[in-house]
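# A look at the structure
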Amino acid sequence: MKILHTSDWHLGQHFMMKNREPEHRAFLAWLIEQVVTLSIDAVVVAGDIFDSASPASYARKLYSDFIVNLQKAGCTQLIIVSGNHDSVAVLNESKSLLSALNVSVLAGLSDDLSEHLITIKDKQDNEAIICALPFLRATDVMLSESGSSADQKQMSLQQGIAKTYQDIYTLAESSKKHQHCPIIATGHLTAVGCSVSESVRDIYIGTLTAFPAQLFPEFDYIALGHLHRAQKVQKSEHIRYSGSPIALSFDEVKHDKRIIIAEFNESAELTTSEVVIPAFQKLAVITGNLASVIIQINRLIETGESVWVEVKIQESFYRSDVQVQLNDLVAATEVQILKVSTPKIDENSQLHGLQIETLDELKPADLFQKRLDCADAEYISEEQQVQLKTLFAQSIEELEQKS
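Overview of the structure. Not measured: the values here are computed from a predicted model. (Residues numbered from 1 in each chain as written. Predicted model: local features only at pLDDT ≥ 70, side-chain atom pairs only at ≥ 80, totals over all residues. Heavy atoms only, no water.)

### Observations regarding the packing of aromatic side chains
Spelled out, the test is: Classification of ring pairs uses Phe, Tyr and Trp, with its six-membered ring standing for Trp, and accepts pairs whose centres are within 6.5 Å; under 30 degrees between planes counts as stacked, over 60 as edge-to-face, and the remaining range as tilted. Numbering of helices and strands starts at the N terminus; helices are DSSP runs of H or I of at least 4 residues and strands are runs of E of at least 2. A 1.4 Å probe rolled over the protein chains alone gives each residue an accessible area, and that area as a share of the maximum for its type sets the label: buried under 20%, exposed over 50%, partly exposed in between.
Throughout the structure, instances matching the rule amount to 10 aromatic pairs. The interplanar angle of 55° and the centroid separation of 5.1 Å between the aromatic rings of Phe15 and Phe250 together place this pair among those described as tilted. Taken together, the positions of Phe15 in strand E2 (residues 14-15) and Phe250 in the loop between strand E12 (236-241) and strand E13 (257-264) put the pair 235 residues apart, joining distant regions of the chain. Judged by its relative accessible area of 4%, Phe15 is buried. In this structure an aromatic cluster arises from ring pairing among Tyr165, Tyr169, Phe211, Phe216 and Phe219.

### Thoughts on the sheet that holds strand E14 (residues 270-277)
Pairing between the strands of a sheet is mediated by backbone hydrogen bonds and can be parallel or antiparallel. Filter applied, for reference: Here, a strand pair is defined by DSSP locating no fewer than two bridges between the strands. Here the axes come from fitting lines to C-alpha atoms, over the contacting stretch only for helices, and the angles between their N-to-C directions go from 0 to 180 degrees. Contact definition: two residues touch when any of their heavy atoms are within 4.5 Å.
Spatially, E6-E5-E4-E1-E13-E14 is the arrangement adopted by the 6 strands of the open sheet, whose pairing is mixed. Among the strands making up the open sheet, the edge pair consists of strand E6 (103-106) and E14. On average, each strand axis in the sheet is tilted by 20° relative to the strand beside it, whichever way the strands run. When strand E1 (residues 2-6) meets strand E4 (residues 42-46), the two strands line up parallel, connected through 4 bridges. Across the sheet, the residue bridging to Thr6 is Val45, located in E4. Contacts between helix H1 (residues 21-37) and the sheet are confined to E1, E4, E13 and E14, with E14 contributing the most and set at about 140° to the helix. The strands touched by helix H2 (residues 57-72) within the sheet are E4, strand E5 (78-81) and E6, with E5 carrying the most contacts at an inclination of about 160°.

### As for the pairing of strand E17 (residues 335-341)
The criterion, for reference: Crossovers are marked right-handed if the path from the first strand over the helix to the second runs clockwise, as seen with the strands pointing away from the viewer.
Of all the 7 residues making up E17, 5 are buried; the element is thus mostly covered by neighbouring parts of the structure. One ladder, built from 6 bridges, connects strand E16 (residues 307-313) with E17; its direction is parallel. Considered in E17, the bridge of Trp308 is made with Gln336. Crossover E16 to E17 through helix H8 (residues 322-330) is right-handed.

### Quick notes on unusual backbone geometry
Of note in this structure, Asp8 is not a glycine but carries a positive phi near 50°. If you trace the backbone, Asp8 turns up in the loop between E1 and E2. Non-glycine residue Asn102 carries a positive phi angle of around 65°. Checked against the element boundaries, Asn102 lands in the loop between helix H4 (95-99) and E6. On the basis of relative accessible area, Asn102 is assigned to the partly exposed category, the value being 41%.

### Considerations on the sheet that holds strand E8 (residues 127-131)
Strands sit in the order E7-E8-E9-E10-E12-E11 across an open sheet of 6 strands; the sheet is mixed. Each edge of the sheet is formed by a strand with only one pairing partner; in this case those strands are strand E7 (117-121) and strand E11 (231-233). Pairs of neighbouring strands in the sheet enclose a mean axial angle of 30°, with direction left out of account. In this structure, E7 lies alongside E8, joined through 5 bridges in antiparallel fashion. What sits directly across from Thr119, in E8, is Ile129.

Written out as structure tokens, the structure reads:
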């Protein structure tokens, strides 16, 4: 049995004001080709199908077109779980219709965990059970208790998530019809010891920073989403992040994007492999002084390829006209400069840093943290900051649920 694991599509995302529709369309077409070429029996999408709770109409169309094309390709088993970016209501609006196409959509945690058990079959009628758990919100797995400290809330949330996985694993074990039936789980969270990129928005701000992998039951494979870099969790072959299919921030440029193939033999023994996803839009990060940067940009121009560029100027003084100079350099070429970072200069005109952030680059949680950083420690203690961050995170979650 072959299962294709992918996640974090973020359909509808805009990158420095650039539309990603062509890249996403190309990726989804490529993904269909892989399903056919590799004889995939089931596709699992581990959350963050959309980039926002209110995706644009073209993003919804990409989603529905993919499902139709997957059916035409002969793969009729598709399991979709929601991520922290997804709206439960948006995914659920087509859930009943898609079930007629053998598409399982799990957008929110049901009171009846058996609804999250999906049995899939390969061409020889060998079975596997998928414990399709979506992004677990704090309100799904724990009760709010007044007077609890931040540490107590973190522990309670961690225990609630661990219990949910243990309960569904026990349920899956009791549902097995034969011994050699793999049990596969999905999840959308941050696991301890994994690498996070700039584009990943924190899930449990001030409550749960990362979930310990040892708290997962003994699933045969765990298909995770949320982190955008393909990676194993604590070097475990069976606990994997597939990562996002396209680079969602410039710091992801140096890492290949991948899909994961989890294959089980008749004895339920697992082998995994990765397939590198082509880069449908080239991105580049250029670092150095202005003279070096100009040389590097000219090399990109000579390739004739479409390239989106971040420039990091490393000089001990500030140039006010650098953006104009660089824009003139790439005018009428396929190279587009989307971001320029120049040195910050302090009151003594010394090099202070390399990053100048603007409001449109900051996420709400980042902006909130920066405001806390500006607060006088005499008036707001570290413990109070943690409590404020927890309340802020809960407010964001409530808004996402209502959207």
